[in-house]
Amino acid sequence: MAKIIVVTSGKGGVGKTTTSAAIGTGLALKGFKTVIIDFDVGLRNLDLIMGCERRVVYDFVNLINGESNINQTLIKDKRCEQLYILPASQTRDKDALSQEGVERVLNELRESFDYIICDSPAGIEKGAQMALYFADEAVVVTNPEVSSVRDSDRILGILQSKSKRAEAGLEPVKEHLLLTRYSPERVKAGEMLSVSDVQDILAIPLVGVIPESEAVLKASNQGMPVVFDQQAAAGLAYMDAIGRLLGEEIEHRFLDPQKKGFFQRLLGATA
Amino acid sequence: MTEECFHLKGNILTSIVIELNHYDPSSFVALLQEKIAKAPSFFSQSPVIMDVRGILDNLDPHKLKEMVTLCFDSGLQPIGFKGVSDPDMLSETGLAILSDDIVRDNPQSVSPQEKTESVESNQANDSANAATLPPPSMRPTKFIDQPVRSGQQIYAQNANLVILSNINKGAEVLADGDIHVYGALRGRALAGVKGDMNARIFCQHLEAELVSVAGIFQLSDNIPQKHQKQSVQILLQDENLIVKSL
């Protein structure tokens, strides 16, 4: 029985799709059969980030409408055995997602997958609510700035009141805070909220801090999820976050300004 | 704190007034039945005041007693007489004398279709401002353990409110009674929203966007800097909102 994880934020442009791609790929690299679903109907991006845009034949809306089946619609990743992508429709809008249709597709996927990652659209409207409705866990992606924190706060309120678990009175959706685009230097200079500032406001467990990194933009443009880049701090930070999602105890790194490179620092720490 | 034996509260009672022009038992009953038949539910168990100023010349205790009985028999609830000055006249009926300054006339005549209120009576406290009275029948305190998040609103109706976590920016908490916040207060807090001017807000960490007691409010810009991020109480003094350090 698969676990459904929604990647959400409220605010746009904070790194939801990058995070969905990274977490989905990372889970698959760890051996879990994983599917990433793009809920951003009308603004399809996940296929670009995953580098499979030329292989999209059918999409999520086709599947919901019964115009295609799961095998036809899922795109199998070429780099990673256990990874599948369910792309969004580019020509439709969010109204094409019916709750019954989404539930039917998710139930079908639950039977054969270990993890279902739902990449939420920005905002708090129907598309975002649909992406989080069936979630068991939520990764709330937040940038260390006030408007992103406020929107994350809002989406946490919606998770607690409008998810299926909340409505059915089940155990609440498990919430994880993922800080992205974190720059320790700018925090030190007082230009950016610190981890503790954000945690103080949102008051949910921290699953990871992804440092601001040029590797992320490069990875997106190449259609190569950043976790494949094990030279980049961002890739390593995502793998740490995935370990924590799976319940491992991993110490947070990349929280302090570093002049030295990562490997130099490791050598320095062990010396 | 021990509960007092009773509280005094103001109340406004809407009742029907029967204004008598002349009186004989049979025509009184006949007209009463006719009126009631038009709107039985409107008249059922309605409080009724009998205005006998029009028939003062021709009154005796027996007639008044008879009127009361006839009203009860018709399913009304007579509560008093208007226009009678001698208490002895009413001793047999057991009802109250409602003097003119207690009962103010409503110039409109009552028709069942438009339920206009006709009479105010029994204003228990004449001078005290009704707004300073505690909200009616307080309910048990409402406790919130989770952070109150942006866009969420919590209202403790007829109750005090205790929040054990943060109230984030964009969130709003309201109570008819007091509000206690043990996390950071960053959103809006409104105590005494039904007008209880004795309500107070207590918080451990004041960064509120807005605080209000009984509708008198202050924005964060107007809260003195020295109280920011401090533990304070907020209350009304002479209709001014005061922030005091704890």
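Please refer to the structure placed before this passage.
Residues numbered from 1 in each chain as written. Chains lettered and ligands numbered in written order. Predicted model: local features only at pLDDT ≥ 70, side-chain atom pairs only at ≥ 80, totals over all residues. Heavy atoms only, no water.

For the rest of this paragraph, the subject is the sheet that holds strand β7 (residues 174-182) of chain A. Residue and element names in this part refer to chain A. Judged by pairing direction, the sheet is mixed, and its eight strands sit side by side in the order β3-β4-β2-β5-β1-β6-β7-β8 without closing on themselves. Of all strands in the sheet, those with a lone pairing partner are β3 (75-76) and β8 (206-211), marking the two edges. Summarising the sheet, β3 and strand β4 (residues 83-86) pair through two bridges and their orientation is antiparallel. By the bridge assignment for β4, I75 is matched with I85. (Pairing = 2+ DSSP bridges. Helix = DSSP H or I, 4+ residues; strand = E, 2+ residues; numbered from the N terminus.)

The subject of this paragraph is the packing of aromatic side chains. A complete count under the given rule lists five aromatic pairs over all chains for this structure. Positioned above the aromatic ring of A:F113 is the side chain of A:K33, whose terminal nitrogen or guanidinium carbon lies 4.8 Å from the ring centre. (Phe/Tyr/Trp six-rings, centres within 6.5 Å; stacked < 30°, edge-to-face > 60°. Lys NZ or Arg CZ within 6 Å of the ring centre and 35° of its normal.)

What follows deals with a nonpolar patch on the surface. On the surface, a cluster of nonpolar side chains totalling about 330 Å² of accessible area is made up of B:F143, B:L164 and B:Y182. Summarising the element assignment, B:L164 is placed in the loop between β7 (161-163) and β8 (172-175). (Patch = residues over 30% accessible without salt bridge, like charges linked within 9 Å, V, L, I, M, F, W, Y side chains within 5 Å. Areas by Shrake-Rupley, 256 points an atom, 1.4 Å probe, with all protein chains shown as cover. Salt bridge = Lys/Arg side-chain N within 4 Å of Asp/Glu carboxyl O.)

Every contact between the two is made by eleven residues of chain A and, on the other side, twelve residues of chain B. For the pair chain A and chain B, the two sides together bury roughly 930 Å², of which 35% comes from carbon and sulfur. One can count two salt bridges joining chain A with chain B. In this structure, A:D153 engages B:R149 in a salt bridge whose closest nitrogen and oxygen atoms are separated by 3.0 Å. Seen at the junction of chain A and chain B, the total is seven residue pairs in polar contact (both at pLDDT 80 or more). Elements that contribute at least two residues to the side of chain A that touches chain B include exactly α7 (146-162) and α10 (195-202) of chain A. No other element matches α7(A), which puts six residues into the side of chain A that touches chain B. By residue class, the composition of the side of chain A that touches chain B is five nonpolar, two polar and four charged. (Contact = heavy atoms within 4.5 Å. Buried area = accessible area lost by both parts, 1.4 Å probe. Polar contact = N/O pair within 3.5 Å; in protein donor to acceptor, adjacent residues only side chain to side chain. Nonpolar A, V, L, I, M, F, W, Y, C, P; charged D, E, K, R; others polar.)

Bringing the pairing of strand β1 (residues 16-19) of chain B into the picture now. All names here are of chain B. Residue alternation in β1 divides its side chains into a buried set, I16 and I18, and an unburied set, V17 and E19. Direction of pairing for β1 relative to strand β2 (residues 47-51): parallel, over a ladder of four bridges. In the sheet register, V17 faces β2, and the bridge partner there is I49. (Buried < 20%, exposed > 50% of the residue type's maximum accessible area, 1.4 Å probe, protein only.)

Residues and elements named next belong to chain B. Residue position: F72 is located in helix α3 (residues 61-73). Residue F72 is classed as partly exposed on the basis of its relative accessible area of 43%. Note: C-alpha distance between F72 and Q45 (27 residues apart in sequence) is 8.7 Å. Once residues within four sequence positions are removed from consideration, F72 is found in contact with Q77 and P78.

This part is about helix α5 (residues 99-112) of chain A. Between its first and last C-alpha atoms α5(A) spans 21 Å; for 14 residues at 1.5 Å apiece the expected length is 20 Å, and the two agree. Within the sequence span of α5(A), burial applies to A:G101, A:V102, A:V105, A:L106, A:L109 and A:R110. (Expected span 1.5 Å × (residues − 1).)

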